[in-house]
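Coordinates in review
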There are 2 protein chains.
Amino acid sequence: MARWRPGTRERLQEAALELFATRGFEQTTATEIAEAAGVTERTFYRHFSDKREVLFDGQEVLLEAFLGGVRRCPADASPVDLVAGALQGVASFFSDERRPWSRARQAVIDANPALQERELSKLATIGGLLTAALRDRGIPDPAATLAAGTAVMVFGATFGRWLDPAESRPFDQIAHALLDELGALVTRPAPLTRP
Amino acid sequence: MARWRPGTRERLQEAALELFATRGFEQTTATEIAEAAGVTERTFYRHFSDKREVLFDGQEVLLEAFLGGVRRCPADASPVDLVAGALQGVASFFSDERRPWSRARQAVIDANPALQERELSKLATIGGLLTAALRDRGIPDPAATLAAGTAVMVFGATFGRWLDPAESRPFDQIAHALLDELGALVTRPAPLTRP
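The name given to chain A in an unreviewed UniProt entry is Transcriptional regulator, TetR family, with the source organism recorded as Pseudonocardia oroxyli.

Okay, here's the thing in structure tokens:
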């Protein structure tokens, strides 16, 4: 597995992912992760509150990436521009360097229903906070709810595509292609005035 | 609480919801629900595998409502028509008679993170099966993923609105208004050719 950042914390994450993948998430203990990373159990707990946090410690950074993307939009940005801005912000989080880690992490999550529920819950939380951020910018409801829901939905579709072994485009390129496709898809074509 | 269907099963559901609302979900037992409904514990378990199922027994019917709405669309229906069809199908599930039950149920779920995760997981399952149904109809990817994601997202926004005490429009009217609004929202306006 490629190392995407150096340091003890990252060594713990790599060791954990390796163990989760080979033994299963439930069957792996924090002690074993610490041992495999060559550190004490106490060091493990200095970095993570529990073994699940090894997989979800990026949640705050991901949320901040969504919100930062919205903040960088001009004051008069339309809802779709804010959705695009949010996705652009998130793209900085999912760099190509992170891809091997994200793929391995996803395989662990796919094998464990409780982790899948945690992941869905994380996205729902982000969606709620994004809705609030859009309302704070003066986007009224239901546009704020729909725009935040669209950002999270397109994020999910992008993420799934980005993880695909056959996919090599960077995250932002996939996200913008999908947002454009969605725009074409949800618009009923106006009746033609000429044949 | 309004009764939306007669019978033992429904009496159990009403009694359960009442107890969940007053004592909390965790603090209520199946025995207590049976007692409050005037039936034996054994009768409770003939209807529900556990107390959580009292809140989630509609999942199969809801899924079938989504898929039935898709099936009723003409063979050449566009993705957005299929999304509208799915939402129309779901509207039959969320009748006005069901509204008081749904509102009370949501209050119980809002108070319990584990039930929220269960609800999110239910929607994710429906989204996955809807994507598969759209692919089966010949909608290619990523359109199938985006259309199913849109149906589930607009469903969520509609459901939230429909539950609002200040909202009296029927489900299908809200759903179609939101789908139209989404269409307007995600389309970047074409540059004007005239001032």
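1. Quick notes on the interface of chain A and chain B
The interface of chain A with chain B comprises 28 residues on the first partner and 28 residues on the second. Along the contact surface separating chain A from chain B lie zero salt bridges. Taken together, the elements giving at least two residues each to the side of chain A that touches chain B come down to α6 (79-93), α8 (113-136), α9 (143-163) and α10 (171-186) of chain A. Here the residues of the side of chain A that touches chain B are counted per class, giving 16 nonpolar, six polar and six charged.

2. Things to note about the packing of aromatic side chains
In this structure the tally under the stated criterion is 26 aromatic pairs over all chains. Geometrically, the ring pair formed by Phe94 of chain B and Phe155 of chain B is tilted, given 5.7 Å between the ring centres and 35° between the ring planes. Of this pair, Phe94 of chain B sits in the loop between α6 (79-93) and α7 (99-110) while Phe155 of chain B sits in helix α9 (residues 143-163), and the two are 61 residues apart along the sequence. Accessibility assignment for this pair places Phe94 of chain B and Phe155 of chain B in one class, buried. Here the aromatic cluster, defined as three or more aromatic residues joined through ring pairs, consists of Phe66, Phe93, Phe94, Phe155, Phe159, Trp162 and Phe171 of chain A. One residue, Lys51 of chain B, lies across the ring of Phe25 of chain B, its end atom 4.6 Å from the ring centre. Seen from the ring of Phe93 of chain B, Arg98 of chain B lies directly overhead, with NZ or CZ sitting 4.0 Å from the centre.

Cut-offs and rules
- Residues numbered from 1 in each chain as written.
- Chains lettered and ligands numbered in written order.
- Predicted model: local features only at pLDDT ≥ 70, side-chain atom pairs only at ≥ 80, totals over all residues.
- Heavy atoms only, no water.
- Contact = heavy atoms within 4.5 Å.
- Salt bridge = Lys/Arg side-chain N within 4 Å of Asp/Glu carboxyl O.
- Helix = DSSP H or I, 4+ residues; strand = E, 2+ residues; numbered from the N terminus.
- Nonpolar A, V, L, I, M, F, W, Y, C, P; charged D, E, K, R; others polar.
- Phe/Tyr/Trp six-rings, centres within 6.5 Å; stacked < 30°, edge-to-face > 60°.
- Buried < 20%, exposed > 50% of the residue type's maximum accessible area, 1.4 Å probe, protein only.
- Lys NZ or Arg CZ within 6 Å of the ring centre and 35° of its normal.

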